[in-house]
Amino acid sequence: MELSQLRAFTIVAETSSFTRAAELLEITQPAVSRQIKALEDDLGYVLVQRKKRNVTLTREGEVALCYAKQILREYASLERDIEGEVGERAPYVRIAAIMKSFSSPFVYLRRRWREAFPDLELKLENARVWADIENGILTGRVDVGFAINQYVIEGLESVPHSQFEMLLVAGADADLDFDFEYSLADLKDLPWFLFEENDWPRIEVEKIFAAENFEPANVYDSNDGAVLVSLIKNEAGLGFLPEWAILDELSSGRLKRIKWKGGPIVKTIYLLFLKELRSKHTDTFVEFLLKNSLPGVKLYPHKDG
């Protein structure tokens with residue numbers, strides 16, 4: 001039995017897909033199948049049943065999944081503890097988020113963290129989709145993840161950290177009256193610059209459009225927030241962006257907020273981490289986060305203050 005087999009089995013179980021597991025592990029689908037088969041041969045039981053549309057676990061597979069997660073978590077803790085004791089590498093906390101949309105606050109976060117804990121390193125992992133964060137935590141590759149939506153997943157804590165606004169903005173030179181309150185229909189024919197369809201900001205914007213029964217005439221998209229900001233500033237267009245991503249442009253007047261009749265769009269950032277078997281460094285980082293905000297966001301109003 002090998003750790004790679006346990007990782008493959010755990011991700012197949014969590015995603016219910018050999019194809020998705022292969023993408024997350026960055027190996028081929030036949031390689032995932034071979035790892036699962038080798039694990040089944042070692043244990044002497046069939047763990048996974050393939051169906052037309054998804055994958056399910058046998059009763060033995062359900063039992064094996066609980067042990068596989070625990071083994072992976074314990075191994076991750078062992079690695080960190082040994083590194084901390086031996087001193088070959090500084091102890092660290094591994095965090096994950098979709099960095100192309102979170103990059104600005106994380107530069108600030110890392111600086112503040114280094115000031116408070118200079119001997120405890122932060123390692124940032126750029127996730128492609130939310131499932132990467134979830135599976136990273138469950139398999140012990142990641143300690144703390146940041147997500148926009150609340151997750152209800154066995155074995156994971158999902159704690160609200162802070163809130164921010166999605167702002168409708170345009171370049172200062174746009175032919176708009178920034179004191180007037182527009183409807184989205186008023187802005188239909190302007191060029192809209194948005195994140196690509198599978199990115200979380202675009203998903204949130206599409207919800208807004210659906211609620212307003214609105215479809216812009218001209219949409220241009222990118223997966224790079226800096227590119228979108230530049231296009232909005234220079235091409236007389238507009239778009240919805242997280243407030244933290246455009247603080248400098250707003251304060252300098254290069255971007256301006258458009259008043260619109262839909263009102264504020266407030267989103268919540270959640271911290272994801274294991275309910276049990278966490279390292280002491282993970283707990284230290286979570287405690288730090290719950291007391292420190294990020295630029296462009298406000299700490300979530302927890303009842304305990």
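The coordinates are above.
Source: prediction; values computed, not measured. (Residues numbered from 1 in each chain as written. Predicted model: local features only at pLDDT ≥ 70, side-chain atom pairs only at ≥ 80, totals over all residues. Heavy atoms only, no water.)

Brief notes about the overall build of the protein
For step 1, the next point in the chain: Each helix and strand in the protein was counted, giving ten helices and 14 strands.
For step 2, the next point in the chain: Dimensions of the protein, computed from the C-alpha atoms along their principal axes, are close to 70 × 50 × 35 Å.
For step 3, the next point in the chain: Looking at the protein as a whole, 47% of its 305 residues qualify as buried.
For step 4, the next point in the chain: For the protein, the exposed surface amounts to about 16,000 Å²; the carbon and sulfur share of it is 47%.
For step 5, the next point in the chain: Here the protein carries 38 positive and 49 negative side-chain charges, and the mean point of each set is 2 Å from the other. (Helix = DSSP H or I, 4+ residues; strand = E, 2+ residues; numbered from the N terminus. Buried < 20%, exposed > 50% of the residue type's maximum accessible area, 1.4 Å probe, protein only. Areas by Shrake-Rupley, 256 points an atom, 1.4 Å probe, with all protein chains shown as cover. Lys, Arg positive; Asp, Glu negative; His and termini not counted. Charge placed at Lys NZ, Arg CZ, Asp CG, Glu CD.)

What about the pairing of strand β8 (residues 191–195)?
For step 1, the next point in the chain: β8 sits mainly inside the fold: four of its five residues count as buried.
For step 2, the next point in the chain: Bridge analysis of β8 against strand β9 (residues 218–222) gives five bridges, and the strand direction is parallel. Residue pairing for β9: Pro191 is matched across the bridge by Asn218.
For step 3, the next point in the chain: Regarding topology, helix α7 (residues 200–211) serves as the crossover connection from β8 to the parallel β9, and that connection is right-handed. (Pairing = 2+ DSSP bridges. Right-handed = clockwise from strand over helix to strand, strands pointing away.)

Digging into the nonpolar core
For step 1, the next point in the chain: Of all hydrophobic cores here, the largest spans 58 residues; its most connected members are Phe146, Trp192, Phe240 and Phe285.
For step 2, the next point in the chain: Each residue touching Phe240, except ones within four places of it in the same chain, is listed here: Met166, Leu167, Leu168, Leu184, Trp192, Leu194, Val205, Ile208, Phe209, Trp260 and Ile265.
For step 3, the next point in the chain: Within the second largest apolar cluster, 20 residues are counted, among which are Ala13, Phe18, Ala21 and Ala22. (Core = buried A, V, L, I, M, F, W, Y, C linked by side-chain atoms within 4.5 Å. Contact = heavy atoms within 4.5 Å.)

Thoughts on the side chain of His281
For step 1, the next point in the chain: Residue placement: His281 occurs in helix α10 (residues 280–291).
For step 2, the next point in the chain: The contact partners of His281, leaving out residues within four places of it in the chain, are Pro91, Tyr92, Val93 and Leu120.

Structural notes on a nonpolar patch on the surface
For step 1, the next point in the chain: On the surface, Met1, Leu43, Tyr45, Val63, Tyr67 and Ile71 cluster together into a nonpolar patch covering about 620 Å² of accessible area.
For step 2, the next point in the chain: Mapping Met1 onto the fold places it in the segment before α1 (3–15). (Patch = residues over 30% accessible without salt bridge, like charges linked within 9 Å, V, L, I, M, F, W, Y side chains within 5 Å. Salt bridge = Lys/Arg side-chain N within 4 Å of Asp/Glu carboxyl O.)

Things to note about the packing of aromatic side chains
For step 1, the next point in the chain: One pass over the full model with this rule turns up twelve aromatic pairs.
For step 2, the next point in the chain: An angle of 80° between the planes, with centres 5.0 Å apart, marks the rings of Trp113 and Phe288 as edge-to-face. Note that Trp113 is positioned in helix α5 (residues 99–116) and Phe288 in helix α10, a separation of 175 residues in sequence.
For step 3, the next point in the chain: Since its relative accessible area comes to 0%, Trp113 is described here as buried. (Phe/Tyr/Trp six-rings, centres within 6.5 Å; stacked < 30°, edge-to-face > 60°.)

Digging into the side chain of Ser158
For step 1, the next point in the chain: Position of Ser158 among the secondary structure elements: in strand β6 (residues 156–171).
For step 2, the next point in the chain: In this structure Ser158 comes out as buried when scored by relative accessible area, which is 14%.
For step 3, the next point in the chain: Apart from the residues lying within four places of it in its own chain, the contact partners of Ser158 are Gln150, Tyr151, Tyr270, Leu271 and Leu272.

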